[in-house]
Amino acid sequence: MRRNEGVAGERPRRSARSGWWWAAGIVVVVAVVLGFADILGIARAPIVAGVLAPRNAVTVATGVGALIALVVTSVPSVRRIALPFAAALAVATAISAPIVLARGVVEGRPAALAGAQVRMLSWNINGDLVSAETIAAEAASVHANVVVLPDISTAERPSLVEAFARHHITMAPEKVRGDEVMVLTDAALRRSDVTSVGSPAHSATLALHPSDPGQPTLLALHAPQPTLRGNADWRAELAWVTDQCSKGDTIVAGDFNATLDELGESGLGGCRDAAASAHAASVGSWPTAVPTWLAMPIDHIFVTPDWKVDSFTVLTDQDSSGARHRPVLAVLTRR
């Protein structure tokens, strides 16, 4: 009887151990799918697109979790649970960490001021969370000659013009679409035509065409969020930008609500991510409440091959300004 009882007791324990390993296997499968979603062609699919953005934070969490689980394996009573998850989390970290590191985690400094540069500052201030004076001061400090504000209240337009003038910046706003996108350019880069023709319905996107054929088209946007339940508007926005980029000599800036996981390592049409070119594509811009190595890099500047990226910087000097996004600066020169 005692022998039979021992055999009967061992079976549930084996079944439980097997169950924990199966659970760990599911973690590994999820890590593989999310790690290679772009290659698998599912990066912009509903649900998947909604969970890809926090790769930085997830990578740190799985790495810390793997270390904790490994330490816990020294406790005999929970070893059978901790060991499978230590292995699974280690594999998940091994898949994701190289992607984060390869994209670049170093906060680069802006390139020195020189002639014939486009110094583009893009900053989502979520409507009116940052004063016009702060925006103008930041633009002056980095010598920006193009400023993209992807989410700004129309009421801020007069105060912005006044604030820029106080900082001796000769810029004028091109246009605001609803309560969304504003672009300011200096006199040398003024546009002749500002449109949103062809952009998706409900889109917060501006296309600024050049007065001089030798100047680039500027696109500014605030893409909708890719929700878990559906992301048709977001995908339509990205498709429109991709089409515009295929026309050449274009610079795109704004809040894409997406990282390179969803956008793709190869870029959008003929446009390449300036952060990727500068090896800084894992430096997070949102939210300012967490460090750049935990935040999501969802604010981007894309350029066609006509432009060389001298530097790309996620600026952290305004983290206490009240903004939820960090401003990003790309310094570009014509090839």
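Everything quoted here is computed from the prediction, not taken from an experiment.

Provide a residue-level description of the nonpolar core, including the pertinent values.
The biggest cluster of nonpolar side chains holds 30 residues, and the ones touching the most others in it are V118, M120, V146, I251, I301, F312 and L332. Ranked by residues supplied to this core, first place goes to strand β11 (residues 307-314) with four residues. In contact with L332, other than residues within four places in its own chain, are A116, Q117, V118, I251, V303, W307, K308, V309 and D310. Counting residues in each nonpolar core, the second largest holds 25 residues, with L121, A136, V147 and L184 among its members.

Describe the pattern of salt bridges, naming the residues involved and giving the relevant values.
Applying the stated criterion to the full structure yields seven salt bridges. We note a salt bridge from R103 to D261, for which the minimum N-O separation is 3.1 Å. Within this pair, whereas R103 is found in helix α5 (residues 79-103), its partner D261 is found in helix α9 (residues 260-263), the two being separated by 158 residues in sequence. Of the charged contacts, one joins R326 and D319 as a salt bridge, the two residues approaching to 3.0 Å between their closest N and O atoms. What emerges from the salt-bridge pattern is a single network uniting R55, R103, D261 and E265.

Any chance you could break down the state of the cysteines for me, citing the residues and the numbers?
Per the stated rule, a full pass over the model turns up one disulfide. Disulfide pairing is shown between C245 and C271; the S-S distance is 2.1 Å. Residues C245 and C271 share a disulfide whose torsion about the S-S bond is about -95 degrees; that sign makes it left-handed. Taken together, the residues span a long stretch of sequence, with C245 in helix α8 (residues 232-245) and C271 in the loop between α9 and β9 (272-273) at a distance of 26 residues. Of the two residues, C245 and C271, both sit in the buried class.

With reference to specific residues and values, describe a nonpolar patch on the surface.
A cluster of nonpolar residues, V32, F36, I39 and L40, forms a patch on the protein surface that exposes about 380 Å² of accessible area. When you line up the elements, V32 lands in helix α1 (residues 2-35). Classification of V32 by relative accessible area gives partly exposed; the value is 34%.

An account of α5 is requested, with residue identities and associated values reported.
In an α-helix, one turn spans 3.6 residues, which is why side chains three or four residues apart end up on the same side. Under the 1.5 Å per step criterion, the end-to-end length of α5 is 36 Å for 25 residues, consistent within 8% with the ideal 36 Å. Turning to α5, its buried residues number three or more, namely A82, P84, A86, A88, L89, A92, T93, I95, S96, I99, V100 and R103. One or two residues past the end of α5 sits G104, with phi positive at roughly 110 degrees.

Before we move on, can you summarise the packing of aromatic side chains with the specific residues and values?
Tallied over the entire structure, the rule returns two aromatic pairs. The interplanar angle of 70 degrees and the centroid separation of 5.9 Å between the aromatic rings of W20 and F85 together place this pair among those described as edge-to-face. Remark: F85 occurs in helix α5 and W20 occurs in helix α1; sequence separation between them is 65 residues.

Got a sec to walk through the pairing of strand β7 (residues 217-222)? Specific residues and values, please.
Within β7, six of the six residues are buried, which leaves it mostly tucked inside the rest of the structure. Alternating positions in β7 separate into two faces, T217, L219 and L221 on one and L218, A220 and H222 on the other, with burial throughout. Sheet analysis places strand β6 (residues 205-210) next to β7, joined by four bridges and oriented antiparallel. Paired with L208 across the strands is L218, a residue of β7. The sheet contact formed by β7 and strand β8 (residues 250-255) spans six bridges and is parallel. Bridging from a neighbouring strand, A220 pairs with A253 of β8.

Tell me about the side chain of T59, and please be specific about residues and values.
Note that T59 resides in helix α4 (residues 55-72). A distance of 2.7 Å separates the side chain of T59 from the backbone oxygen of R55, its partner in a polar contact. Residues contacting T59, with those up to four places away along its chain left out, are T93, S96, A97 and V100.

Run through unusual backbone geometry, naming residues and quoting values.
Following W286, the chain continues into P287 via a peptide bond in cis, with omega recorded as -5 degrees. For P287, the position within the fold is in the loop between α10 (274-277) and β10 (299-303). One non-glycine residue, N126, lies in the positive phi region at around 50 degrees. Within the secondary structure, N126 sits in the loop between β1 (117-122) and α6 (132-141). Phi is positive for D249, close to 45 degrees, though the residue is something other than glycine. By secondary structure assignment, the location of D249 is in the loop between α8 and β8.

Rules of the game
Residues numbered from 1 in each chain as written. Predicted model: local features only at pLDDT ≥ 70, side-chain atom pairs only at ≥ 80, totals over all residues. Heavy atoms only, no water. Core = buried A, V, L, I, M, F, W, Y, C linked by side-chain atoms within 4.5 Å. Buried < 20%, exposed > 50% of the residue type's maximum accessible area, 1.4 Å probe, protein only. Helix = DSSP H or I, 4+ residues; strand = E, 2+ residues; numbered from the N terminus. Contact = heavy atoms within 4.5 Å. Salt bridge = Lys/Arg side-chain N within 4 Å of Asp/Glu carboxyl O. Disulfide = S-S within 2.5 Å. Patch = residues over 30% accessible without salt bridge, like charges linked within 9 Å, V, L, I, M, F, W, Y side chains within 5 Å. Areas by Shrake-Rupley, 256 points an atom, 1.4 Å probe, with all protein chains shown as cover. Expected span 1.5 Å × (residues − 1). Phe/Tyr/Trp six-rings, centres within 6.5 Å; stacked < 30°, edge-to-face > 60°. Pairing = 2+ DSSP bridges. Polar contact = N/O pair within 3.5 Å; in protein donor to acceptor, adjacent residues only side chain to side chain.

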